[in-house]
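Results of the structural survey
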Amino acid sequence: MPAADTPRAARRPRAARTAPPLGSLTQAAHRENAACTHCGSERVTQLTMSLTDGTPVQFVSCHVCEERSWSSAAGPLSVDGILERSRKR
Ligand SMILES: [Zn+2]
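Quick caveat, the model's predicted, so the values are computed rather than measured.

1. Some remarks on the overall build of the protein chain
Along its length, the protein chain carries one helix and four strands. In sequence order, the secondary structure elements of the protein chain are arranged as β-β-β-β-α. Taken across its 89 residues, the protein chain has 19% of its residues classed as buried. Of the contacts made within the protein chain by residues no fewer than 6 positions apart, 25% connect residues no fewer than 24 positions apart. Taken as a whole, the protein chain presents about 8100 Å² of accessible surface, with 52% of it coming from carbon and sulfur.

2. A closer look at the environment of Met 49
Tracing the chain through its elements places Met 49 in strand E1 (residues 44-50). Judged by its relative accessible area of 31%, Met 49 falls in the partly exposed class. In this structure, the C-alpha to C-alpha distance between Met 49 and Phe 59, residues 10 residues apart in sequence, is 7.6 Å. Leaving out residues up to four positions away in the same chain, Met 49 has contacts with Thr 55, Pro 56, Val 57, Phe 59 and Trp 70.

3. A short note on the coordination of the zinc ion
The zinc ion binds to the protein through Cys 36 (SG), Cys 39 (SG), Cys 62 (SG) and Cys 65 (SG); the donor distances cover 2.3 Å. Geometry at the zinc ion is tetrahedral, judged from the four donor atoms that bind it and their angles of 107 to 115° at the metal. Positions of the donor residues of the zinc ion, expressed as sequence spacing, correspond to C-x2-C-x22-C-x2-C.

4. Observations concerning the environment of Pro 56
Mapped onto the elements of the fold, Pro 56 is located in strand E2 (residues 56-62). Residues Pro 56 and Ser 72, spaced 16 residues apart in sequence, show a C-alpha to C-alpha distance of 6.3 Å. Sequence-distant contacts of Pro 56, defined by excluding residues within four places in its chain, comprise Met 49, Ser 50, Ser 72 and Ala 73.

5. Some points on the packing of aromatic side chains
Taken as a whole and judged by the stated rule, the model has one aromatic pair. Ring centres of Phe 59 and Trp 70 lie 4.6 Å apart, and the angle between their planes is 40°; this geometry places the pair in the tilted category. One end of the pair, Phe 59, is in strand E2; the other, Trp 70, is in strand E3 (residues 68-72), and 11 residues separate them in sequence. For Trp 70, a relative accessible area of 16% corresponds to the buried category.

Conventions we followed
- Residues numbered from 1 in each chain as written.
- Predicted model: local features only at pLDDT ≥ 70, side-chain atom pairs only at ≥ 80, totals over all residues.
- Heavy atoms only, no water.
- Helix = DSSP H or I, 4+ residues; strand = E, 2+ residues; numbered from the N terminus.
- Buried < 20%, exposed > 50% of the residue type's maximum accessible area, 1.4 Å probe, protein only.
- Contact = heavy atoms within 4.5 Å.
- Areas by Shrake-Rupley, 256 points an atom, 1.4 Å probe, with all protein chains shown as cover.
- Donors = N, O, S within 2.8 Å, 3.2 Å for Na, K, Ca; no water.
- Tetrahedral: all angles 85-135°; square planar, octahedral: opposite > 155°, others 65-115°.
- Phe/Tyr/Trp six-rings, centres within 6.5 Å; stacked < 30°, edge-to-face > 60°.

Listed below in structure tokens is the structure:
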């Protein structure tokens, strides 16, 4: 019997390397940006301002959960604390 061996066409699967979209998930490991104190998201707006008594504070507003937090060099501040300091002169 003749060898009816038809050699299989060497199918080379194309190594279609789809490059991952840049800048979507990968971020620099070094994070300086503030993160939401509630959900941990970095999609926050960070503002630095001074209270009426001159205390420099950082205001972080989260775009994800709408958490708003204040903090100073001394640590996190409550909104009440902010208002209180704003009243005092
Ligand atoms: Zn959040």
